[in-house]
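Single-letter residue listing:
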Amino acid sequence: MSNRNFTTDVLDWEAWITPVDLSTATPEQLVVLDESGPHARTSQYYHLLLHDAPALRERSALFNAIMYGPGGLPRADRELGATVESILNGCVYCTSVHARFFIQLAKRQDVIDRLFADGVGAELEPRQRAIADFSAKLAQTPPQAGAAEIRALRSAGLSDSDIADLADAVAMFAWANRLMLTLGEPKRA
Amino acid sequence: MTRFAADVIDAVLGISEGSPLHQLRARRPEARARTQSSYAVLFNPPDPGGLSPPERFAVALRVAELHDASSLAAHYRARLADEAGGGALAAAIDYDAPSNGVTPRAAAMLRHAELVTTNPSGASPLDLEALEAQGLTAEEIVTLSQIIAFVAYQVRVAASLALIAESP
(Lines give C-alpha, C1' and ligand atoms only; values in the text may rest on other atoms or scores of the structure.)
Protein backbone atom coordinates (compact mmCIF):
# COMPACT_ATOMS: atom_id res chain seq x y z
CA MET A 1 0.00 0.00 0.00
CA SER A 2 1.65 3.20 -1.17
CA ASN A 3 1.85 6.04 1.32
CA ARG A 4 0.68 8.36 -1.44
CA ASN A 5 -2.84 6.93 -1.22
CA PHE A 6 -3.44 8.36 2.23
CA THR A 7 -5.16 11.71 2.62
CA THR A 8 -7.02 13.81 5.15
CA ASP A 9 -9.44 14.97 2.45
CA VAL A 10 -13.14 14.21 2.98
CA LEU A 11 -13.95 11.01 1.03
CA ASP A 12 -17.15 9.18 0.18
CA TRP A 13 -17.57 5.42 0.43
CA GLU A 14 -19.49 3.23 -2.01
CA ALA A 15 -20.86 -0.23 -1.25
CA TRP A 16 -20.18 -3.20 -3.55
CA ILE A 17 -23.60 -4.72 -2.82
CA THR A 18 -26.99 -3.05 -2.59
CA PRO A 19 -27.58 -1.14 0.66
CA VAL A 20 -30.95 -0.81 2.40
CA ASP A 21 -33.18 1.67 0.56
CA LEU A 22 -34.22 4.20 3.21
CA SER A 23 -37.55 4.79 1.45
CA THR A 24 -38.51 1.18 2.27
CA ALA A 25 -36.67 0.87 5.62
CA THR A 26 -38.70 -0.12 8.68
CA PRO A 27 -39.22 2.42 11.49
CA GLU A 28 -36.96 0.26 13.68
CA GLN A 29 -34.17 0.36 11.07
CA LEU A 30 -34.42 4.15 10.93
CA VAL A 31 -34.13 4.38 14.73
CA VAL A 32 -30.96 2.25 14.60
CA LEU A 33 -29.59 4.45 11.81
CA ASP A 34 -30.14 7.64 13.79
CA GLU A 35 -28.57 6.08 16.91
CA SER A 36 -25.45 5.22 14.91
CA GLY A 37 -24.21 8.77 14.47
CA PRO A 38 -24.90 12.18 12.99
CA HIS A 39 -23.78 11.21 9.46
CA ALA A 40 -25.45 7.79 9.28
CA ARG A 41 -28.51 9.07 7.37
CA THR A 42 -26.32 10.14 4.45
CA SER A 43 -23.71 7.35 4.53
CA GLN A 44 -23.88 4.31 2.26
CA TYR A 45 -21.75 2.41 4.77
CA TYR A 46 -24.44 2.68 7.44
CA HIS A 47 -27.21 2.01 4.92
CA LEU A 48 -25.43 -1.23 4.01
CA LEU A 49 -24.87 -2.32 7.62
CA LEU A 50 -28.59 -1.71 8.24
CA HIS A 51 -29.19 -5.08 6.55
CA ASP A 52 -28.45 -6.45 10.05
CA ALA A 53 -29.95 -3.72 12.22
CA PRO A 54 -29.53 -5.49 15.61
CA ALA A 55 -25.81 -6.00 14.91
CA LEU A 56 -25.42 -2.39 13.76
CA ARG A 57 -27.17 -1.09 16.89
CA GLU A 58 -24.74 -2.89 19.22
CA ARG A 59 -21.68 -2.10 17.09
CA SER A 60 -22.48 1.62 16.97
CA ALA A 61 -23.09 1.84 20.73
CA LEU A 62 -19.82 0.01 21.33
CA PHE A 63 -17.91 2.19 18.85
CA ASN A 64 -19.23 5.36 20.46
CA ALA A 65 -18.40 4.12 24.00
CA ILE A 66 -14.84 3.22 23.01
CA MET A 67 -13.97 6.24 20.86
CA TYR A 68 -15.96 8.99 22.62
CA GLY A 69 -16.40 7.73 26.21
CA PRO A 70 -15.47 10.38 28.81
CA GLY A 71 -12.32 10.32 30.94
CA GLY A 72 -9.46 7.86 30.70
CA LEU A 73 -7.08 7.96 27.75
CA PRO A 74 -7.33 11.31 25.91
CA ARG A 75 -9.43 11.04 22.76
CA ALA A 76 -6.53 12.22 20.60
CA ASP A 77 -4.52 9.16 21.69
CA ARG A 78 -7.41 6.82 20.81
CA GLU A 79 -7.60 8.46 17.37
CA LEU A 80 -3.83 8.06 16.95
CA GLY A 81 -4.13 4.33 17.64
CA ALA A 82 -7.05 4.06 15.19
CA THR A 83 -5.11 6.00 12.53
CA VAL A 84 -1.94 3.92 12.85
CA GLU A 85 -3.91 0.69 12.52
CA SER A 86 -5.92 2.03 9.57
CA ILE A 87 -2.70 2.96 7.74
CA LEU A 88 -1.25 -0.47 8.46
CA ASN A 89 -4.38 -2.24 7.18
CA GLY A 90 -4.50 0.00 4.10
CA CYS A 91 -7.91 1.50 4.96
CA VAL A 92 -7.73 4.82 3.11
CA TYR A 93 -11.25 5.85 4.13
CA CYS A 94 -10.82 5.09 7.87
CA THR A 95 -7.43 6.79 7.83
CA SER A 96 -8.84 9.98 6.28
CA VAL A 97 -11.56 10.30 8.94
CA HIS A 98 -9.48 9.45 12.00
CA ALA A 99 -6.39 11.37 10.95
CA ARG A 100 -8.68 14.44 10.70
CA PHE A 101 -10.08 13.74 14.18
CA PHE A 102 -6.55 13.38 15.58
CA ILE A 103 -5.49 16.69 14.03
CA GLN A 104 -8.58 18.47 15.38
CA LEU A 105 -8.06 17.11 18.89
CA ALA A 106 -4.25 17.24 19.18
CA LYS A 107 -3.56 20.25 16.91
CA ARG A 108 -0.69 18.22 15.45
CA GLN A 109 -0.84 18.12 11.67
CA ASP A 110 2.90 17.32 11.74
CA VAL A 111 2.33 13.89 13.31
CA ILE A 112 -0.02 12.85 10.50
CA ASP A 113 2.33 14.30 7.88
CA ARG A 114 5.13 12.12 9.25
CA LEU A 115 2.97 8.98 9.38
CA PHE A 116 1.84 9.52 5.77
CA ALA A 117 5.36 10.26 4.54
CA ASP A 118 7.36 7.66 6.48
CA GLY A 119 4.79 5.02 7.48
CA VAL A 120 3.76 3.86 10.94
CA GLY A 121 7.44 3.57 11.98
CA ALA A 122 7.94 7.33 11.49
CA GLU A 123 9.98 9.25 14.05
CA LEU A 124 7.63 10.56 16.76
CA GLU A 125 7.84 11.88 20.32
CA PRO A 126 8.30 9.05 22.87
CA ARG A 127 4.65 8.98 24.06
CA GLN A 128 3.24 8.93 20.54
CA ARG A 129 5.92 6.44 19.44
CA ALA A 130 4.89 4.08 22.26
CA ILE A 131 1.20 4.42 21.29
CA ALA A 132 1.98 3.82 17.61
CA ASP A 133 4.18 0.78 18.36
CA PHE A 134 1.57 -0.89 20.56
CA SER A 135 -1.21 -0.14 18.06
CA ALA A 136 0.78 -1.50 15.11
CA LYS A 137 1.66 -4.69 17.00
CA LEU A 138 -1.88 -5.31 18.28
CA ALA A 139 -3.22 -4.74 14.76
CA GLN A 140 -1.19 -7.66 13.34
CA THR A 141 -2.86 -11.01 12.67
CA PRO A 142 -2.16 -12.79 14.99
CA PRO A 143 -1.57 -9.86 17.37
CA GLN A 144 2.12 -9.33 18.18
CA ALA A 145 1.94 -6.85 21.09
CA GLY A 146 3.96 -8.04 24.06
CA ALA A 147 5.47 -7.03 27.38
CA ALA A 148 7.97 -4.65 25.70
CA GLU A 149 5.16 -2.53 24.23
CA ILE A 150 3.34 -2.47 27.58
CA ARG A 151 6.54 -1.36 29.33
CA ALA A 152 7.02 1.46 26.81
CA LEU A 153 3.44 2.68 27.34
CA ARG A 154 3.89 2.65 31.11
CA SER A 155 7.21 4.50 30.78
CA ALA A 156 5.35 7.12 28.71
CA GLY A 157 2.96 7.62 31.63
CA LEU A 158 -0.03 5.50 30.62
CA SER A 159 -1.87 3.69 33.41
CA ASP A 160 -3.28 0.20 32.92
CA SER A 161 -6.72 1.70 32.34
CA ASP A 162 -5.25 4.06 29.72
CA ILE A 163 -3.66 1.06 28.02
CA ALA A 164 -7.00 -0.80 28.09
CA ASP A 165 -8.68 2.23 26.48
CA LEU A 166 -6.05 2.26 23.73
CA ALA A 167 -6.38 -1.49 23.20
CA ASP A 168 -10.17 -1.13 22.88
CA ALA A 169 -9.72 1.55 20.20
CA VAL A 170 -7.27 -0.62 18.25
CA ALA A 171 -9.56 -3.65 18.60
CA MET A 172 -12.51 -1.55 17.40
CA PHE A 173 -10.59 -0.60 14.27
CA ALA A 174 -9.63 -4.21 13.58
CA TRP A 175 -13.43 -4.49 13.20
CA ALA A 176 -14.11 -1.18 11.40
CA ASN A 177 -11.22 -1.46 8.92
CA ARG A 178 -12.34 -4.95 7.88
CA LEU A 179 -15.91 -3.86 7.13
CA MET A 180 -14.80 -0.76 5.25
CA LEU A 181 -12.19 -2.64 3.20
CA THR A 182 -14.23 -5.69 2.24
CA LEU A 183 -17.77 -4.35 1.60
CA GLY A 184 -16.99 -1.32 -0.58
CA GLU A 185 -14.40 1.31 -1.41
CA PRO A 186 -13.59 5.00 -0.95
CA LYS A 187 -14.44 7.54 -3.64
CA ARG A 188 -13.46 11.17 -4.05
CA ALA A 189 -16.26 13.31 -2.61
CA MET B 1 -17.64 -23.83 30.82
CA THR B 2 -17.79 -20.75 28.63
CA ARG B 3 -20.47 -21.55 26.10
CA PHE B 4 -23.42 -19.93 27.91
CA ALA B 5 -21.37 -17.50 29.98
CA ALA B 6 -22.86 -14.17 31.07
CA ASP B 7 -19.70 -12.55 29.69
CA VAL B 8 -17.63 -14.48 27.16
CA ILE B 9 -14.42 -12.46 27.57
CA ASP B 10 -14.51 -12.91 31.36
CA ALA B 11 -15.15 -16.62 30.85
CA VAL B 12 -12.35 -17.29 28.36
CA LEU B 13 -9.82 -15.32 30.42
CA GLY B 14 -11.02 -16.70 33.75
CA ILE B 15 -11.73 -13.20 35.09
CA SER B 16 -13.47 -13.44 38.45
CA GLU B 17 -15.45 -10.81 40.36
CA GLY B 18 -13.12 -8.45 42.23
CA SER B 19 -9.95 -9.44 40.31
CA PRO B 20 -7.74 -6.66 38.88
CA LEU B 21 -8.97 -7.32 35.31
CA HIS B 22 -12.58 -7.32 36.52
CA GLN B 23 -12.00 -3.91 38.09
CA LEU B 24 -10.26 -2.68 34.94
CA ARG B 25 -13.22 -3.70 32.77
CA ALA B 26 -15.69 -2.25 35.27
CA ARG B 27 -14.28 1.22 34.50
CA ARG B 28 -15.92 1.01 31.06
CA PRO B 29 -19.29 -0.62 31.76
CA GLU B 30 -20.80 0.42 28.42
CA ALA B 31 -17.90 -1.02 26.40
CA ARG B 32 -18.02 -4.23 28.44
CA ALA B 33 -21.81 -4.61 28.08
CA ARG B 34 -21.89 -3.77 24.36
CA THR B 35 -19.07 -6.21 23.64
CA GLN B 36 -21.21 -8.97 25.13
CA SER B 37 -24.43 -7.79 23.45
CA SER B 38 -22.61 -7.64 20.08
CA TYR B 39 -21.66 -11.27 20.63
CA ALA B 40 -25.26 -12.08 21.59
CA VAL B 41 -26.89 -10.56 18.49
CA LEU B 42 -24.38 -12.29 16.18
CA PHE B 43 -24.36 -15.72 17.83
CA ASN B 44 -27.74 -16.00 19.58
CA PRO B 45 -29.97 -13.97 17.24
CA PRO B 46 -33.73 -14.23 17.85
CA ASP B 47 -34.09 -14.77 14.08
CA PRO B 48 -30.95 -16.25 12.48
CA GLY B 49 -32.43 -15.82 8.99
CA GLY B 50 -30.49 -17.60 6.27
CA LEU B 51 -27.20 -17.78 8.14
CA SER B 52 -27.46 -20.87 10.32
CA PRO B 53 -25.99 -21.10 13.84
CA PRO B 54 -23.45 -23.78 12.75
CA GLU B 55 -22.30 -21.54 9.90
CA ARG B 56 -21.88 -18.63 12.32
CA PHE B 57 -19.82 -20.65 14.81
CA ALA B 58 -17.74 -22.31 12.08
CA VAL B 59 -16.73 -18.91 10.68
CA ALA B 60 -15.93 -17.57 14.16
CA LEU B 61 -13.85 -20.66 14.92
CA ARG B 62 -11.86 -20.19 11.71
CA VAL B 63 -11.22 -16.48 12.51
CA ALA B 64 -10.11 -17.30 16.06
CA GLU B 65 -7.77 -20.02 14.76
CA LEU B 66 -6.23 -17.67 12.18
CA HIS B 67 -5.42 -15.38 15.13
CA ASP B 68 -3.89 -18.26 17.15
CA ALA B 69 -6.45 -17.31 19.82
CA SER B 70 -6.69 -20.74 21.43
CA SER B 71 -9.15 -19.91 24.25
CA LEU B 72 -11.63 -18.21 21.94
CA ALA B 73 -11.16 -20.94 19.35
CA ALA B 74 -12.02 -23.51 22.03
CA HIS B 75 -15.11 -21.50 22.92
CA TYR B 76 -16.38 -21.39 19.33
CA ARG B 77 -15.43 -25.04 18.74
CA ALA B 78 -17.54 -26.01 21.76
CA ARG B 79 -20.49 -23.91 20.60
CA LEU B 80 -20.21 -25.38 17.10
CA ALA B 81 -20.10 -28.93 18.49
CA ASP B 82 -23.37 -28.24 20.38
CA GLU B 83 -25.20 -27.61 17.11
CA ALA B 84 -26.82 -30.39 15.07
CA GLY B 85 -24.24 -31.36 12.43
CA GLY B 86 -21.71 -29.04 14.05
CA GLY B 87 -19.36 -31.81 15.14
CA ALA B 88 -18.64 -32.84 11.56
CA LEU B 89 -18.13 -29.23 10.54
CA ALA B 90 -15.76 -28.63 13.47
CA ALA B 91 -13.76 -31.70 12.49
CA ALA B 92 -13.53 -30.44 8.88
CA ILE B 93 -12.13 -27.06 9.89
CA ASP B 94 -8.53 -28.04 9.76
CA TYR B 95 -6.08 -25.20 10.13
CA ASP B 96 -4.42 -25.71 6.74
CA ALA B 97 -7.30 -26.88 4.59
CA PRO B 98 -10.60 -25.74 6.08
CA SER B 99 -12.49 -26.25 2.81
CA ASN B 100 -12.09 -30.03 2.76
CA GLY B 101 -15.21 -31.99 3.55
CA VAL B 102 -17.62 -29.08 3.84
CA THR B 103 -20.35 -27.89 1.48
CA PRO B 104 -19.36 -25.43 -1.30
CA ARG B 105 -21.39 -22.76 0.54
CA ALA B 106 -19.53 -23.32 3.82
CA ALA B 107 -16.20 -23.45 1.97
CA ALA B 108 -16.94 -20.08 0.34
CA MET B 109 -17.73 -18.54 3.72
CA LEU B 110 -14.57 -19.97 5.29
CA ARG B 111 -12.45 -18.68 2.38
CA HIS B 112 -14.00 -15.25 2.82
CA ALA B 113 -13.30 -15.39 6.56
CA GLU B 114 -9.62 -16.01 5.79
CA LEU B 115 -9.45 -13.13 3.29
CA VAL B 116 -11.15 -10.61 5.60
CA THR B 117 -9.04 -11.73 8.56
CA THR B 118 -5.60 -11.88 6.98
CA ASN B 119 -5.69 -9.64 3.89
CA PRO B 120 -8.68 -7.26 4.05
CA SER B 121 -7.12 -4.72 1.68
CA GLY B 122 -6.95 -7.46 -0.96
CA ALA B 123 -10.75 -7.79 -1.14
CA SER B 124 -12.68 -6.84 -4.28
CA PRO B 125 -16.29 -6.95 -5.54
CA LEU B 126 -15.46 -10.39 -7.00
CA ASP B 127 -15.16 -11.79 -3.48
CA LEU B 128 -18.74 -10.77 -2.69
CA GLU B 129 -19.89 -12.16 -6.04
CA ALA B 130 -18.36 -15.51 -5.04
CA LEU B 131 -20.58 -15.46 -1.93
CA GLU B 132 -23.64 -14.48 -3.96
CA ALA B 133 -22.89 -17.37 -6.32
CA GLN B 134 -23.34 -19.68 -3.32
CA GLY B 135 -26.75 -18.15 -2.65
CA LEU B 136 -25.84 -15.66 0.06
CA THR B 137 -28.09 -12.58 0.11
CA ALA B 138 -26.91 -9.04 0.88
CA GLU B 139 -28.31 -9.48 4.40
CA GLU B 140 -26.32 -12.67 4.92
CA ILE B 141 -23.13 -11.13 3.50
CA VAL B 142 -23.43 -8.22 5.95
CA THR B 143 -23.99 -10.54 8.92
CA LEU B 144 -21.14 -12.81 7.81
CA SER B 145 -18.85 -9.76 7.57
CA GLN B 146 -19.94 -8.54 11.01
CA ILE B 147 -19.17 -11.95 12.53
CA ILE B 148 -15.68 -12.10 10.98
CA ALA B 149 -14.85 -8.51 11.97
CA PHE B 150 -16.33 -8.89 15.47
CA VAL B 151 -14.07 -11.87 16.23
CA ALA B 152 -11.06 -9.81 15.04
CA TYR B 153 -12.13 -7.24 17.66
CA GLN B 154 -12.85 -9.79 20.39
CA VAL B 155 -9.47 -11.52 19.95
CA ARG B 156 -7.63 -8.22 20.44
CA VAL B 157 -9.64 -7.20 23.51
CA ALA B 158 -8.93 -10.55 25.14
CA ALA B 159 -5.24 -10.58 24.12
CA SER B 160 -4.59 -7.09 25.46
CA LEU B 161 -6.33 -7.76 28.79
CA ALA B 162 -4.23 -10.90 29.25
CA LEU B 163 -1.11 -8.95 28.31
CA ILE B 164 -1.83 -6.16 30.82
CA ALA B 165 -2.35 -8.74 33.57
CA GLU B 166 0.83 -10.68 32.67
CA SER B 167 3.17 -7.72 32.26
CA PRO B 168 4.92 -6.83 35.52
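Residues numbered from 1 in each chain as written. Chains lettered and ligands numbered in written order. Predicted model: local features only at pLDDT ≥ 70, side-chain atom pairs only at ≥ 80, totals over all residues.

Notes on the overall build of chain A
Let me state the cut-off plainly: Runs of H or I in DSSP of at least four residues are treated as helices and runs of E of at least two as strands, each being numbered from the N terminus. Three exposure classes are used, all based on how many other C-beta atoms lie within 10 Å of a residue's own C-beta (placed from the backbone): buried at 20 or more, exposed at 12 or fewer, and partly exposed between those limits. The contact criterion used is a C-beta to C-beta distance within 7 Å, with each C-beta placed from the backbone.
The helix and strand inventory of chain A stands at nine helices and two strands. The order of helices and strands in chain A, counted from the N terminus, is β-α-α-α-α-α-α-α-α-α-β. The principal-axis extents of the C-alpha atoms in chain A amount to approximately 55 × 35 × 30 Å. Classification of the 189 residues of chain A by burial places 48% in the buried group. At a minimum sequence separation of 6, the contacts of chain A that also span at least 24 residues come to 70%.

Things to note about the overall build of chain B
Spelled out, the test is: Within these notes, the globule rule equals 2.2 Å times the number of residues to the 0.38 power, and the radius of gyration is based on C-alpha atoms.
Secondary structure assignment for chain B yields nine helices and zero strands. From first element to last, N terminus to C terminus, chain B shows the α and β order α-α-α-α-α-α-α-α-α. Scaling as 2.2 N^0.38, a compact globule of 168 residues should have a C-alpha radius of gyration of about 15 Å, and chain B matches this with 16 Å. Dimensions along the principal axes, computed over C-alpha positions, put chain B at roughly 50 × 35 × 30 Å. Counting every position in chain B, which comprises 168 residues, the buried fraction comes to 47%.

Comments concerning the interface of chain A and chain B
The cut-off we apply is this: Classification convention: Asp, Glu, Lys, Arg as charged; Ala, Val, Leu, Ile, Met, Phe, Trp, Tyr, Cys, Pro as nonpolar; all other residues, Gly among them, as polar.
At the junction of the two partners, chain A supplies 45 residues and chain B supplies 43 residues. Put simply, the parts of the chain that give the side of chain A that touches chain B at least two residues each are α2 (44-49), α3 (53-68), α8 (147-155) and α9 (160-182) of chain A. If you tally residues by element for the side of chain A that touches chain B, the top one is α9 of chain A, at 16 residues. Of the residues belonging to the side of chain A that touches chain B, the class tally is 28 nonpolar, ten polar and seven charged.

Remarks on helix α1 (residues 27-36) of chain A
All names here are of chain A. Put simply, the test is: Directions are taken from the helix axis to each C-beta atom, and the arc is the one they span.
Among the residues of α1, those classed as buried are Val32, Leu33 and Ser36. Summarising the axial view, the buried residues of α1 lie within an arc of 100 degrees, below the 170-degree limit, and thus occupy one face. Projecting away from the buried face of α1 at angles above 90 degrees are the exposed residues Pro27 and Asp34. Elements that come into contact with the buried residues of α1 comprise α2 and α3. Following α1 by one or two positions, Gly37 has its phi on the positive side, about 155 degrees.

Concerning the packing of helix α7 (residues 126-139) of chain A against α8 of chain A
Residues and elements named next belong to chain A. Here is the rule: Axis lines are fitted to C-alpha atoms, over the contacting stretch for helices. Their N-to-C directions set the angle, which ranges from 0 to 180 degrees. Should an angle lie under 35 degrees it is considered roughly parallel, over 145 roughly antiparallel, and from 65 to 115 roughly perpendicular; all remaining angles are considered oblique. Each helix crossing is assigned a hand: it is left-handed if the near helix lies turned anticlockwise from the far helix by less than a right angle, otherwise right-handed if that turn is clockwise.
Where α7 contacts α8, the two axes come as close as 9 Å, and the packing angle between them is 155 degrees. What the angle tells us is that α7 and α8 run roughly antiparallel. Considering only the axes of α7 and α8, their crossing is left-handed. Along its contact with α7, which presents Ala130, Asp133, Phe134 and Lys137, the element α8 presents Glu149, Ala152 and Leu153. Partitioning the contact of α7 with α8 into residue classes produces four nonpolar, no polar and three charged.

Topic: helix α6 (residues 109-118) of chain A
Because each turn of an α-helix spans 3.6 residues, side chains separated by three or four positions end up pointing in the same direction. All names here are of chain A. Along α6, the residues that are buried comprise Val111, Ile112 and Leu115. For α6, the buried positions fall inside an angular range of 95 degrees around the axis, keeping them on one side. Facing away from the buried side of α6 by more than 90 degrees, the exposed set consists of Gln109, Asp110, Ala117 and Asp118. On the buried face of α6, the contacting elements are α4 (75-89), α5 (92-106) and α7. Following α6 by one or two positions, Gly119 has its phi on the positive side, about 85 degrees.

Quick notes on the environment of Ala130 of chain A
Residue and element names in this part refer to chain A. Tracing the backbone through its elements, the reader meets Ala130 in helix α7. With 123 residues separating them along the chain, Ala130 and Thr7 place their C-alpha atoms 23 Å apart. Excluding residues that lie within four positions of it along the chain, Ala130 makes contacts with Ala152, Leu153 and Ala156.

What to know about unusual backbone geometry
A negative phi angle is the norm for most residues apart from glycine, just as the trans form is the norm for most peptide bonds. For the bond running from Thr141 of chain A to Pro142 of chain A, omega is -10 degrees, close enough to zero to count as cis. Looking at where Pro142 of chain A falls in the secondary structure, it is placed in the loop between α7 and α8. With a phi close to 55 degrees, Lys107 of chain A is a non-glycine residue in the positive phi region. Within the secondary structure, Lys107 of chain A sits in the loop between α5 and α6. Despite not being glycine, Asp68 of chain B shows a phi value in the positive range, around 55 degrees. With respect to the element layout, Asp68 of chain B can be found in the loop between α4 (53-66) and α5 (70-81). Owing to 13 C-beta atoms within 10 Å, Asp68 of chain B belongs among the partly exposed residues under this scheme.

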